[in-house]
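Given next are the chains, with one letter for each unit.
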Amino acid sequence: MVAHHNPVYPVRWDRENQCVMLIDQTRLPAEYTTIAIRNSTEMAQAIKTMIVRGAPAIGVAAAYGMALGAREIKVGNTTEFLAQLEAIAASLRQTRPTAVNLFWAIERMLKTAGDPSASVAEIQTQLLQTAQEIQAEDLQTCQAIGKHGAKVLPETPERLNLLTHCNAGALATAGYGTALGVVRSAWEQGRLNRVYADETRPRLQGAKLTAWECVQEGIPVTVITDNMAAHCMQQGMIHAVVVGADRISANGDTANKIGTYSVALAAKAHNIPFYVAAPLSTVDFKLAHGDEIPIEERDSTEVAQVGDTRITPEGVEYYNPAFDVTPAELIAAIITEKGAVTPEELITLGSEVRGRN
Ligand code: MRU
């Protein structure tokens, strides 16, 4: 029997205990456990060790980390309070470099704290409210992405087989998901046949997390190893690819989980549309091109081991970039909460949205 946890909220504010509950994503799917986070140091550690992961989810988590940290500051003077809050922001910024949502959420929290007319106690309350707003907005954003995404998927005589890489699902966001939001939306409309989930070495987010989420929802899912994706495309098994993003530069180049680029190349070779689903908070309009996106390198043990088992001989070197950049020309559309656009149209959409706000 499969125990169902539906809907899935990876980050939850526990009002009674005044702490944040995170689903421990390092233990799924073997165990569904939650972990209480009581201060900003614990939150920074949880982001670093990937208890919580996925671009929008770490943005939400960092926002709560700021709110928790603010409550620990025991000074009445606003200037001193803001200096200490800035130090908390700096430690949260050190956790993971690639997903821009983390930095975006921290900046938004600092802006909230910068209200010159507010007392320390008022700022502490406002910070918790802003973290809750960021979370609620992300959920709505993902639902909008899902709706827009379902509209751009190709019309096919049979129901769609969609391939995804890594996990861009409810677990990676406030809930619902970006790429998996599009999948969910297509499933709700009866247009989906099945999801092909790349296992996503080295951390296996596809095999572990995407597969788990699909099981929770009753969505048919086939797990493949990463090196099978091109073969599946060649066999005519895939109608479209949908992935998430960690940071998109202004021209549409997209950093996402390592291996995304090779999936995009294979999709291009087989004339299969490749879509990126992401909130506008993932677009870093300050960066002109993808080569400016910082790429996280993680510990070599992730490559040297499968789980806890060492697979390589002594005496070898390792390279473990956690993300790669897919050039804009390989991307058919970027699906945002404001609609799907081509990479070239992204700048115009961004300035329209900022103009309206
Ligand atoms: O290293 P991770 O697991 O945090 O990487 C996650 C991804 O690459 C996701 O595809 C991306 O964050 C989009 S999540 C909606």
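Per an unreviewed UniProt entry, the recorded name for the chain is Methylthioribose-1-phosphate isomerase, and the organism is Roseofilum acuticapitatum BLCC-M154. Under the UniProt heading Pathway (unreviewed entry), the note attached to the chain is "Amino-acid biosynthesis; L-methionine biosynthesis via salvage pathway; L-methionine from S-methyl-5-thio-alpha-D-ribose 1-phosphate: step 1/6."

1. Thoughts on helix H2 (residues 55-72)
In a regular helix each residue adds 1.5 Å, so 18 residues correspond to 26 Å; H2 covers 26 Å between its end C-alpha atoms and thus fits that length. The buried fraction of H2 is high, at 16 of 18 residues.

2. Let's talk about the layout of surface pockets
Considered as a void within the structure, the second largest pocket measures approximately 340 Å³ in volume. Taken together, 18 residues form the lining of the second largest pocket, with Pro202, Arg203, Leu204, Lys208 and Glu302 sitting closest to its centre. Secondary structure elements with two or more residues in the lining of the second largest pocket: helix H7 (205-217), helix H10 (301-304) and strand E12 (305-306).

3. Concerning the packing of helix H3 (residues 78-93) against helix H5 (residues 120-152)
One way to put it is that H3 packs onto H5 with a least axis distance of 10 Å and a crossing angle of 35°. Note on element contacts: H5 touches H3 through Val120, Ile123, Gln124 and Leu127, opposite Thr78, Phe81 and Leu85. For the contact of H3 with H5, a count of residues per class yields five nonpolar, two polar and no charged.

4. Points about the UniProt feature "binding site: substrate" (unreviewed entry) in the chain
When the UniProt feature table is mapped onto this chain, "binding site: substrate" (unreviewed entry) is found at Arg53, Gly54, Ala55, Arg96, Gln205, Asn256 and Lys257. Set against the largest cavity, the annotated residues that line it come down to Arg53, Gly54, Ala55, Arg96, Gln205, Asn256 and Lys257. Secondary-structure assignment places arginine 96 in the loop between H3 and helix H4 (100-113). Each residue touching arginine 96, except ones within four places of it in the same chain, is listed here: Ile47, Met50, Arg53, Ile58, Leu102, Phe103, Lys257, Glu296, Arg298 and Phe323. For arginine 96, the side chain forms a polar contact with the side chain of glutamate 296, separated by 2.8 Å.

5. Description of the sheet that holds strand E14 (residues 323-326)
Reading across from one edge, E11-E8-E9-E14 is the order of the four strands in this open sheet, with mixed pairing throughout. Of all strands in the sheet, those with a lone pairing partner are strand E11 (283-284) and E14, marking the two edges. Examined bridge by bridge, strand E9 (residues 254-257) and E14 share four bridges and lie antiparallel to one another. Within E14, the residue paired with alanine 255 across the bridge is valine 325. Along the sheet face, helix H9 (residues 260-269) touches E9 and E14 and points at about 30° away from the line of E14.

6. So, the pairing of strand E1 (residues 11-14)
Two strands pair when backbone bridges link them, and E1 and strand E2 (residues 19-23) are joined in this way by four bridges, in the antiparallel orientation. Bridge assignment links arginine 12 to a residue of E2, and that residue is methionine 21.

7. Considering the packing of aromatic side chains
According to the stated counting rule, one finds two aromatic pairs in the structure shown. Each ring, one from tryptophan 13 and one from tyrosine 64, has its centre 6.0 Å from the other, and the planes form 5°; the classification is stacked. Residue tryptophan 13 is located in strand E1, and its partner tyrosine 64 is located in helix H2; the two are separated by 51 residues in the primary sequence. Relative to tryptophan 212, the ring of tyrosine 32 lies with its centre 6.0 Å away and its plane at 20°, an arrangement referred to as stacked. In this pair, tyrosine 32 sits in the loop between E2 and strand E3 (34-37) while tryptophan 212 sits in helix H7, placing the two residues 180 residues apart along the sequence. Above the plane of the ring of tyrosine 176 lies arginine 184, whose end atom (NZ or CZ) is 5.7 Å from the centre.

8. Brief notes about unusual backbone geometry
Glycine aside, the phi torsion of most residues is negative, and most peptide linkages are trans. With an omega dihedral of 0°, the bond running from leucine 28 to proline 29 counts as a cis peptide bond. Mapped onto the fold, proline 29 is located in the loop between E2 and E3. Geometrically, the link from arginine 201 to proline 202 is a cis peptide bond, its omega value of 5° lying close to zero. Within the fold, proline 202 resides in the loop between strand E5 (192-198) and H7. Phi at methionine 50 is positive, roughly 70°, even though this residue is not glycine. Structurally, the position occupied by methionine 50 is in the loop between helix H1 (40-48) and H2. Looking at methionine 50, the relative accessible area reads 3%, which means it is buried. At threonine 200, a residue that is not glycine, the phi angle is positive and equals roughly 70°.

9. What about the packing of H4 against H5?
One can describe the packing of H4 onto H5 by two numbers: an axis separation of 9 Å at closest approach and a directional angle of 145°. In the packing of H4 onto H5, the handedness of the crossing is right-handed. Between H4, through Trp104, Ala105, Arg108, Met109, Thr112 and Ala113, and H5, the contact on the second element is made entirely by Ile123, Gln126, Leu127, Thr130, Ala131, Glu133, Ile134 and Glu137. Residues belonging to the contact of H4 with H5 are distributed by class as follows: eight nonpolar, three polar and three charged.

Parameters at a glance
Residues numbered from 1 in each chain as written. Predicted model: local features only at pLDDT ≥ 70, side-chain atom pairs only at ≥ 80, totals over all residues. Heavy atoms only, no water. UniProt positions renumbered as here; feature names shortened; annotations may be inferred. Helix = DSSP H or I, 4+ residues; strand = E, 2+ residues; numbered from the N terminus. Expected span 1.5 Å × (residues − 1). Buried < 20%, exposed > 50% of the residue type's maximum accessible area, 1.4 Å probe, protein only. 1 Å grid on protein atoms, 1.4 Å probe; cavity = no way out; pocket = protein on both sides within 12 Å on 5 of 7 lines; lining within 4 Å. Points joined across faces, edges and corners; volume = space filled by probe spheres on them. Axes fitted to C-alpha atoms, helices over the stretch in contact; angles between N-to-C directions. Contact = heavy atoms within 4.5 Å. Nonpolar A, V, L, I, M, F, W, Y, C, P; charged D, E, K, R; others polar. Polar contact = N/O pair within 3.5 Å; in protein donor to acceptor, adjacent residues only side chain to side chain. Pairing = 2+ DSSP bridges. Phe/Tyr/Trp six-rings, centres within 6.5 Å; stacked < 30°, edge-to-face > 60°. Lys NZ or Arg CZ within 6 Å of the ring centre and 35° of its normal. Left-handed = near helix turned anticlockwise from the far one by under 90°.

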